[in-house]
Amino acid sequence: MTSDPQTRPRYLGLPTFMRLPYAEDVSGADIAVLGVPFDGGVSNRPGARHGPRAIRDLSSMVRKVNQATGAAPFDAASIVDGGDIWTERVYRLEDAHADIQAGFAKVREAGAVPLSVGGDHSISLPIMRALFSGGPPVGMVHIDAHCDTADDDVGSRFHHGAPFSRAVEEGLLDPKRTAQIGIRGALFQPDRWKFSYDAGMRVVPMEEVYEIGPKGAAAIAHEVVGDGPTYLSFDIDCLDPAFAPGTGTPEIGGFSTAEALVLLRRLAGIDFVAGDLVEVSPPFDSAGITALAGANIMFEILCLLTASLAARRSAAAK
Ligand SMILES: [Mn+2]
């Protein structure tokens, strides 16, 4: 965060994510927050391409210190707004994904930890390709109303309901170290998320969360991902539509924002190596409710990424 609002009002100037300095070249930064304004993988209601811009605007509300945990990510790490990773080939899903992958390959090369702001959930696949190809498959805490492990929908295997089946098939994601939390909603087929169960992912349906609470769900996540490198994927539709109306595939009976904060804060200690926040769709939003939730959840994810980075550095120094 570049400026103290006591000397420079928060509404002033061009809105970057959380008023961070903009850096076209992210080398030298510990963490880069990046917009991915692409929603060509949406199965029904579009608009998430406008997510990064709306979240940049509302994120000027975010402050420096996490009152609940004491974390101060902007003091603990060098964090920049790396701008948007975008594609010129927006009309062809696979080509657009290739462009997104190329953009994140540069981020990997620069050595910055990315926090990506979508965009629809299909972007997680090219991001994972760029970050994890050639290495061991990563674990994942995935918070969402949907498992997103479907297969072909109207002729595509790369839509926003399928990134994680593809990521497993491509050896990027370890299903046995994957927890999917908040799953709910009616289905087209009873075995819609068969891939998750067959592959050994730990699916935590919302019904289970009602029983064990967000603390219990976080405990399961810790158990499933263990100590290894882990990706955090947060789909804003995990929240109840009362708290996040601005999304493409809302499902009733979800997390309140307060419960999501409890869940995220309880994930501290996991070795998060990158994260994304997806599916904020401003055209369906009201009064910026969803973008504001997204901006604050980004802040929580930054707190987690910063702590993980510090833990890795102190382990490496020993
Ligand atoms: Mn999703």
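Bear in mind that the values here come from a model prediction, so they are computed numbers and not experimental data.

S.K.: Any chance you could explain the overall build of the protein chain here in plain terms?
M.R.: A count of helices and strands for the protein chain gives nine helices and eight strands. The C-alpha atoms of the protein chain give a radius of gyration of 18 Å, which matches the 20 Å a tight globule of 318 residues would have. Buried residues in the protein chain amount to 57% of all 318 residues. Split by element, the accessible area of the protein chain, about 13400 Å² in all, is 54% carbon and sulfur. Placing the 28 positive and 40 negative side-chain charges of the protein chain at their respective mean positions leaves the two points 5 Å apart.

S.K.: Can you walk me through the coordination of the manganese ion in this structure?
M.R.: Tetrahedral coordination by four donors puts the ideal angle at the metal at 109.5 degrees, and octahedral coordination by six puts it at 90 or 180 degrees. Protein-derived coordination of the manganese ion comes from His-121 (ND1), Asp-144 (OD), Asp-148 (OD) and Asp-235 (OD), at a distance range of 2.1 to 2.3 Å. As a motif over one chain, the donors of the manganese ion read H-x22-D-x3-D-x86-D. Of the two residues, His-121 is situated in the loop between strand E3 (113-118) and helix H4 (124-132) and Asp-144 in the loop between strand E4 (138-143) and helix H5 (163-169); the sequence distance between them amounts to 23 residues. Residue His-121 is classed as buried on the basis of its relative accessible area of 0%.

S.K.: Looking at this model, I keep getting lost on the packing of aromatic side chains. Mind explaining?
M.R.: For any two aromatic rings, the description comes down to two numbers: the centre-to-centre distance and the angle of the planes. Summed over all chains, the structure comprises two aromatic pairs. Relative to Tyr-231, the ring of Phe-132 has its centre 5.9 Å away and its plane inclined at 85°; by these criteria the two rings are edge-to-face. Separated by 99 residues along the polypeptide, Phe-132 in helix H4 and Tyr-231 in strand E7 (residues 230-235) bring together distant segments of the chain. For Tyr-231, a relative accessible area of 0% translates into the label buried.

S.K.: Teacher, can you tell me more about the pattern of salt bridges here?
M.R.: Working definition: two side chains of opposite charge can pair if their charged atoms are close together. Counted under the stated rule, the structure contains 18 salt bridges. Between Asp-151 and Arg-157 there is a salt bridge, with its nearest N and O atoms 3.5 Å apart. A salt bridge links Arg-192 to Asp-153; the shortest N-O distance between them is 3.2 Å. One end of the pair, Arg-192, is in the loop between strand E5 (173-183) and helix H6 (194-199); the other, Asp-153, is in the loop between E4 and H5, and 39 residues separate them in sequence.

S.K.: Just checking my understanding: could you explain the packing of helix H1 (residues 51-58) against helix H9 (residues 289-317) for this structure?
M.R.: Two quantities define a packed helix pair, namely the angle between the helix axes and the distance between the axes. Between H1 and H9, whose axes approach to 8 Å, the crossing angle comes to 75°. When the axes of H1 and H9 are compared, the pair comes out roughly perpendicular. Of H9, the residues touching H1 (which contributes Ala-54, Ile-55 and Leu-58) are Ala-291, Leu-292, Ala-295 and Met-298. Among the residues forming the contact of H1 with H9, the class breakdown is seven nonpolar, no polar and no charged.

S.K.: Can you walk me through unusual backbone geometry in this structure?
M.R.: Peptide bonds are, in most cases, trans, and in most cases residues other than glycine have a negative phi. The omega torsion across Gly-118 and Gly-119 is 10°, close enough to zero to call that bond cis. Within the secondary structure, Gly-119 is located in the loop between E3 and H4. Residue Glu-279 is not a glycine yet carries a positive backbone phi of 75°. Tracing the sequence through the fold places Glu-279 in the loop between strand E8 (272-278) and H9.

S.K.: Before we go on, may I ask you to explain the nonpolar core in this structure?
M.R.: If you look at soluble globular proteins, the nonpolar side chains tend to sit buried side by side. Membership of the largest hydrophobic core comes to 54 residues, with the highest contact counts inside it found for Met-18, Val-141, Ile-143, Phe-234, Phe-255 and Leu-267. No other element matches H9, which puts twelve residues into this core. Contact partners of Phe-255, with chain neighbours within four places excluded, come to Ile-143, Ile-181, Gly-182, Met-206, Val-209, Cys-238, Leu-239, Asp-240, Phe-243, Ala-260 and Leu-263. Judged by nonpolar contacts, the second largest core, of 35 residues, contains Ile-100, Leu-125, Val-138 and Val-168.

S.K.: Hey, could you run me through H4 in this one?
M.R.: The periodicity of an α-helix, 3.6 residues per turn, causes residues three or four places apart in sequence to face the same way. Summarising burial for H4: nine of the nine residues are buried, a large majority. Turning to H4, its buried residues are Ser-124, Leu-125, Pro-126, Ile-127, Met-128, Arg-129, Ala-130, Leu-131 and Phe-132. Among the residues trailing H4, Gly-134 stands out with phi positive, at a value near 85°.

S.K.: Got a minute to help me understand the sheet that holds strand E1 (residues 31-36) in this structure?
M.R.: The strands making up a sheet are joined through hydrogen bonds of the backbone, oriented either antiparallel or parallel. Here we have eight strands laid out as an open sheet, ordered E2-E1-E3-E8-E7-E4-E5-E6, and parallel in their pairing. Of all the strands in the sheet, the pair left with one neighbour each is strand E2 (79-84) and strand E6 (202-205). Each neighbouring strand pair of the sheet contributes to a mean axis angle of 15°, computed without reference to strand direction. As defined by bridge partners, E3 adjoins E8 across three bridges and the pair is classed as parallel. Considered in E8, the bridge of Ser-116 is made with Asp-276.

S.K.: I keep staring at the pairing of E6 and nothing clicks. Help me out?
M.R.: Consecutive side chains of a regular strand alternate in pointing toward one face of the sheet and then the other. Sheet topology places E5 next to E6; four bridges connect them, and they run parallel. Bridged to Ile-181 within E6 is Val-204. Between the parallel elements E5 and E6, the chain passes through H6 in a crossover that is right-handed.

S.K.: I'm lost on the pairing of E7 in this one. Help?
M.R.: Extensive coverage of E7 is indicated by the burial of six of its six residues. Side-chain alternation along E7 places Thr-230, Leu-232 and Phe-234 on one buried face and Tyr-231, Ser-233 and Asp-235 on a second face that is also buried. Two elements, E4 and E7, share five bridges in a ladder whose sense is parallel. Considered in E7, the bridge of Met-140 is made with Tyr-231. Bridge analysis of E7 against E8 gives six bridges, and the strand direction is parallel. From the neighbouring strand, Tyr-231 faces E8, where its bridge partner is Ala-274. Each parallel crossover has a hand, and for E7 linked through helix H8 (residues 257-265) to E8 it is right-handed.

Cut-offs used in this document
Residues numbered from 1 in each chain as written. Predicted model: local features only at pLDDT ≥ 70, side-chain atom pairs only at ≥ 80, totals over all residues. Heavy atoms only, no water. Helix = DSSP H or I, 4+ residues; strand = E, 2+ residues; numbered from the N terminus. Rg over C-alpha atoms; globule rule 2.2 N^0.38 Å. Buried < 20%, exposed > 50% of the residue type's maximum accessible area, 1.4 Å probe, protein only. Areas by Shrake-Rupley, 256 points an atom, 1.4 Å probe, with all protein chains shown as cover. Lys, Arg positive; Asp, Glu negative; His and termini not counted. Charge placed at Lys NZ, Arg CZ, Asp CG, Glu CD. Donors = N, O, S within 2.8 Å, 3.2 Å for Na, K, Ca; no water. Phe/Tyr/Trp six-rings, centres within 6.5 Å; stacked < 30°, edge-to-face > 60°. Salt bridge = Lys/Arg side-chain N within 4 Å of Asp/Glu carboxyl O. Axes fitted to C-alpha atoms, helices over the stretch in contact; angles between N-to-C directions. Parallel < 35°, antiparallel > 145°, perpendicular 65-115°, else oblique. Contact = heavy atoms within 4.5 Å. Nonpolar A, V, L, I, M, F, W, Y, C, P; charged D, E, K, R; others polar. Core = buried A, V, L, I, M, F, W, Y, C linked by side-chain atoms within 4.5 Å. Pairing = 2+ DSSP bridges. Right-handed = clockwise from strand over helix to strand, strands pointing away.

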